[in-house]
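Single-letter residue listing:
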Amino acid sequence: MSIGIRGKWVIAYDGAEHRLLRDGVVVTEGNRIKHVGRSYRGDVDRWIDASHHVVIPGMICTHTLASTAPKDKSFIDDTGARHFYMSSLGENLTALGRSIRPDDYHVFARYSVAELLRSGCTTMLEIGMVSTLGAEAAVEHIGELGIRAVEGRNIEDGRWARSQGANLETEWLGLEHGMRLLDEAERFVKKYDGALEGRLIAALYPSTVDKVSGPLQKAVREKADELKCPVSIHAAQWVVEFQNMLRMYRRTPIEYLGDTGLLGPDLVIGHGWAVAGHPLLAYPAVGGGDLGLLAKNGATVSHDPLVFTKRGNKMHSHSAYLAAGVNVSIGCDTSPQDMLNEMRLASYMSKVADWSCFSGSAREVFTSATLGGARGIGREDLGRIAPGALADIAVVDMETMNNVPCRDPVKNLVNSATRQDVELVIVNGELVVEEGVLLTIDEEKLVRQVQKTTEAIWDRIPENHYLRQTSDEVSPQSFKPWNGD
Ligand SMILES: [Zn+2]
């Protein structure tokens, strides 16, 4: 099938950077972009009028945990653990996670993908589905919903355990345990890479820097070099992990990744904010620090601002990473999973961090959400509108209550657009969202399923909280209940 889109604006790629094309035409044929320019003489199967819209490359979310993230909504907000420097990891999230039943993962996974597509995201680096749903079901959901996905199986040889009170430490399970998971992960890559007409990109997912031992990190590096696939790991994601790494190895999380060789151009680090020099850590950066190391090794950081902003934590400055030469992409991690919202927060948090209007510009964060993500997963045919690139495109209405007046559509995308303005989404040359409605799933039914599923999870919290607390104790309602008398 071929599609032609006539847009008021097209964010086109000139081979080096995004450019603003006024009154442009984008033509797709099959799963590729065939033509970008001011006019097109040939025939297409279908013309799309985007006369008050901006045509953008589909965004790339480089961090999402689709089968579990929706549990966060209406629960983790305004909560956290002071003894963990406000993080919910190791406390509330553990109880919530343990309250999920196997069927719930399916509902959440489908909802997450739906949310992402509706926000103009066409590729997600998703961590967890293959482990929670099993490979076959995960691939089936991705196939049905129509997104492009980077997927893999989790690999680790450690787990977090409390030695006393809230002292969270790594308990090692033995290298053999990790090597078994690495074997399974390799089988997944060999079986599924390129599946779903190329929509499935297989990857290796060592879980977190403090749950994957040095020898296992080295083994993952060797395997990634052999399989030539992307790798993603959680690192520099909370204060406790940063301090535990210093105590275990006398190295920061990023330095340790450098020591084991895992730090390379194929590595996407979620979340990479707890780095030497960050004000919350009081640990000085010397000799270029962690940012210098990230830049030197060409690794990518997934900046996922929402989940951390809610805790009062943040990556210190999006722009500072870019200025240090680090490739920065954007991801979601928590619900709502909305790339427009994440771009906005990335921009604003960077400005606040630097006390500067110039920091976190729309140009910077939009580039991170597209080209930055593509570089992270090693794909020069994604995140851009150019002949030969894959036909992953979003069309956003700029003549809506949110977006008028529009002079600069990129500034409006970052500062005022919402999911409701995303009118059309194309993945791999196929329409998946039209007139703002997902074509691949019954949205109303999905919404009802998510509410019902999560109500049951909240009821199960006391069975799974280490202090036997209820949902309302862990996450109090904003206002006290009132019976009306
Ligand atoms: Zn994460």
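You'll find the structure just up there.
Just so we're clear, the structure is a prediction, and the values are computed from it rather than from any experiment. (Residues numbered from 1 in each chain as written. Predicted model: local features only at pLDDT ≥ 70, side-chain atom pairs only at ≥ 80, totals over all residues. Heavy atoms only, no water.)

Focus: the overall build of the chain
Then step 1. The secondary structure content of the chain amounts to 16 helices and 20 strands.
Then step 2. Projected onto the principal axes, the alpha-carbon positions of the chain cover approximately 70 × 65 × 50 Å.
Then step 3. Counting the 485 residues in the chain, one finds 59% classified as buried.
Then step 4. Counting only contacts in the chain whose residues sit at least 6 apart along the sequence, the fraction spanning at least 24 positions is 75%.
Then step 5. When the accessible surface of the chain is totalled, it reaches about 20,000 Å², and 49% of it is carbon and sulfur.
Then step 6. If you average the places of the 52 positive and of the 64 negative side-chain charges in the chain, the two averages end up 3 Å apart. (Helix = DSSP H or I, 4+ residues; strand = E, 2+ residues; numbered from the N terminus. Buried < 20%, exposed > 50% of the residue type's maximum accessible area, 1.4 Å probe, protein only. Contact = heavy atoms within 4.5 Å. Areas by Shrake-Rupley, 256 points an atom, 1.4 Å probe, with all protein chains shown as cover. Lys, Arg positive; Asp, Glu negative; His and termini not counted. Charge placed at Lys NZ, Arg CZ, Asp CG, Glu CD.)

Some points on empty space enclosed by the protein
Then step 1. Tallied over the full model, the rule gives one cavity of 30 Å³ or more.
Then step 2. Considering only enclosed or pocket space, the largest cavity measures out at about 50 Å³ in volume.
Then step 3. If one sorts the elements of the lining of the largest cavity by residue count, helix α10 (residues 305–309) sits on top with three residues.
Then step 4. Of the residues in the lining of the largest cavity, the class split is five nonpolar, four polar and two charged. (1 Å grid on protein atoms, 1.4 Å probe; cavity = no way out; pocket = protein on both sides within 12 Å on 5 of 7 lines; lining within 4 Å. Points joined across faces, edges and corners; volume = space filled by probe spheres on them. Nonpolar A, V, L, I, M, F, W, Y, C, P; charged D, E, K, R; others polar.)

Brief notes about the coordination of the zinc ion
Then step 1. Those donors, His63 (NE2), His234 (NE2), His271 (NE2) and Asp333 (OD), are the protein atoms that reach the zinc ion, and they lie 2.2 to 2.4 Å from it.
Then step 2. Within one chain, the residues donating to the zinc ion are spaced in sequence as H-x170-H-x36-H-x61-D. With His63 in strand β5 (residues 59–64) and His271 in strand β14 (residues 267–271), this pair connects stretches of sequence that are 208 residues apart.
Then step 3. Taking relative accessible area as the criterion, His63 reaches 1% and is therefore assigned buried.
Then step 4. Taking relative accessible area as the criterion, His271 reaches 2% and is therefore assigned buried. (Donors = N, O, S within 2.8 Å, 3.2 Å for Na, K, Ca; no water.)

Quick look at the sheet that holds strand β3 (residues 32–37)
Then step 1. Taken in spatial order, the eight strands of this open sheet run β3-β2-β1-β4-β17-β18-β19-β20, and their pairing is mixed. Edge strands, defined here as strands with exactly one partner in the open sheet, are β3 and β20 (437–438).
Then step 2. The pairing of strand β4 (residues 46–57) with strand β17 (residues 393–397) spans five bridges and is classified as antiparallel. The residue of β17 that forms the bridge with Val55 is Val395.
Then step 3. Contacts from helix α13 (residues 362–376) reach β1 (2–13), β2 (18–29) and β4 within the one sheet, and its direction differs from that of β2 by about 25°. (Pairing = 2+ DSSP bridges. Axes fitted to C-alpha atoms, helices over the stretch in contact; angles between N-to-C directions.)

Quick look at the side chain of Ser471
Then step 1. Its place among the elements puts Ser471 in helix α16 (residues 471–474).
Then step 2. A distance of 2.7 Å separates a polar atom in the side chain of Ser471 from the backbone oxygen of Trp458. (Polar contact = N/O pair within 3.5 Å; in protein donor to acceptor, adjacent residues only side chain to side chain.)

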